[in-house]
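Breakdown of the fold
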Amino acid sequence: MSFSQALSGLNAQSENLKILGNNIANSQTVGFKSSGAIFSDVFAGANSQVGLGVNVADVRQDFTAGDLESTGRTLDLAIAGEGFYRIQEPNGQIGFSRNGQFSQNANGFLVTASGQQLTGYGIEEADPANPESETRIIANNPGPIQIPTGDIPAKQTAEVSAVYNLDASIDHTNNDLLQSVDVFNTIAREPGATEEISYHFANSYTVFDSLGNARNVSSYYTKVGDNDWDVRVAVDGYYDDENNFSLSFNANGLLTKDTNANGQEFIVGVDDGDANTKPDNPGGNGDDKAAITFPSENGADVLNFNFVLAGTTQFSGNSVQSALSQDGFASGALAGLSIDENGVIYRNYTNEQSIPAGQIVLANFANTEGLQPIGNNAWRQTATSGEPVIGIAGTGMFGTIESGVLENSNVDLAKQLVDTIVAQRAYQANSTSISTQDELLQTIINL
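The paragraphs below set out a description of the structure included in this document.

Calculation rules
Residues numbered from 1 in each chain as written. Predicted model: local features only at pLDDT ≥ 70, side-chain atom pairs only at ≥ 80, totals over all residues. Heavy atoms only, no water. Buried < 20%, exposed > 50% of the residue type's maximum accessible area, 1.4 Å probe, protein only. Helix = DSSP H or I, 4+ residues; strand = E, 2+ residues; numbered from the N terminus. Pairing = 2+ DSSP bridges. Expected span 1.5 Å × (residues − 1). Patch = residues over 30% accessible without salt bridge, like charges linked within 9 Å, V, L, I, M, F, W, Y side chains within 5 Å. Areas by Shrake-Rupley, 256 points an atom, 1.4 Å probe, with all protein chains shown as cover. Salt bridge = Lys/Arg side-chain N within 4 Å of Asp/Glu carboxyl O. Lys, Arg positive; Asp, Glu negative; His and termini not counted. Charge placed at Lys NZ, Arg CZ, Asp CG, Glu CD. Core = buried A, V, L, I, M, F, W, Y, C linked by side-chain atoms within 4.5 Å. Contact = heavy atoms within 4.5 Å.

A look at the pairing of strand β15 (residues 214–225)
Most of β15 is tucked away: 9 of the 12 residues are buried. Of the pairings in the sheet, the one linking strand β14 (residues 201–208) to β15 comprises 8 bridges and is antiparallel in character. Counted as the bridge partner of asparagine 203 is serine 219 from β15. In this sheet, strand β16 (residues 228–235) lies alongside β15 in antiparallel orientation, the contact comprising 8 bridges. Of the residues in β16, the one forming a bridge with lysine 223 is tryptophan 229. In this structure, the hairpin formed by β15 and β16 is closed by a connection of 2 residues.

See the structure below:
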């Protein structure tokens, strides 16, 4: 008699029950991937006709995506598609996970419940001394993502872009159509002196100085010819005639343009093509920008911005503003975070500005089934899995990142319970085989 076959069956089913039990235990673990036992028969050699039983050849992981469930929490993240989060263990070892339950620790790092740090691309903050610079993501070696928690400083307006339609039907010879407003000369010229500005259309908008003070800018448009308009600009009720410029339109209602000595096109009146215009608005560059400059206020720098009117038209109809934007803002405190589908993390401030704080990277493998589980909802690469391919969510082979959503365990609880019953029956059958062989052996002994 040989008990080895039945014993191997008991051992194999015991291992199978452990795997099934682990699956069932993790049926509510976010990002968990179920496993299954792969059995193989055992023979003594090539010429053997009777097998020696069974063993567990492999424990195969199932990386099928789990269901996505909305949580409404910003730092709950799910990967809709292929990919793994790249996380860094406290000892510096790199792991990979599908569990997107992240939080921010006291140092601003995004971490898992076990303290593993989420990695991605860092940022280069904008240079406060350079109004043209912007915070940008640096796609170099991924590292732990740390969210700056400081306030955002004020940014002086450097450019205002506006598009208008000025009413072509206005009779510029009829003074009854004019409106008027009293404005002050700039403080630097004649304090307290006022003068009257007459206009056909006026428009106001807000810009910000270097300290974040809101400054009210008013533009007054006066039709002085069939296709010609003079424009005067006042800030907080103060007017400086050095900021005057003009607009000319052709017979088709479009801004008249010309070409400077360098062959560059410019809007006539806004930028006259003269390289000797104001330093911040070199007309020789043909940049179509009117330079507006006003004295400083409350300790701020001189207010100095470009007024871009490209796209402005003159058609019959009401004078109206159709678009306006400006790039300055007041200071603001961090109000929260948001994450887009490409994994870019934004800092949202109380001044309605959103600035990148980093970008989450994803990893994928040639053979995901070759990954080695290391606990804490993470895996480690192996020679079987191959080297990780690093990329950005929503590109190539990688799925998108959904914020406020979690990926549930992919354990099918009903199937696991049925498989457990089957494994139990197999275990009992192997036990019966041993009992039967024991009885036969006892019969032989009694003979």
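Looking at helix α1 (residues 4–25)
The end-to-end C-alpha distance of α1 is 31 Å, a good match for the 32 Å that 22 residues give at a rise of 1.5 Å each. Of the positions making up α1, those classed as buried are Ala6, Ser8, Gly9, Leu10, Ala12, Gln13, Asn16, Ile19, Leu20 and Asn23.

What to know about a negative patch on the surface
A contiguous patch of negative charge, built from Asp171, Asp226, Asp228 and Asp230, is present on the exposed surface. As for its position among the elements, aspartate 228 is in strand β16.

A look at the nonpolar core
Counting residues in each nonpolar core, the largest one holds 26 residues, and the members touching the most others are Tyr164, Tyr221, Phe245, Leu247 and Phe307. At the level of elements, β11 (159–165), β14, β15, β16, β18 (245–248), β21 (289–294) and β22 (303–308) are the ones that each hand at least two residues to this core. Broken down by element, the residue count for this core peaks at 4 residues, all from β16. Counting residues in each nonpolar core, the second largest holds 20 residues, with Leu75, Tyr85, Ala393 and Ile401 among its members.

Overview of the environment of valine 59
Here valine 59 is to be found in strand β2 (residues 51–61). For valine 59, a relative accessible area of 36% puts it in the partly exposed group. Among all residues touching valine 59, those that are not within four sequence positions of it are Ile19, Ser35 and Gly36.

That is the geometry; function is a separate question.
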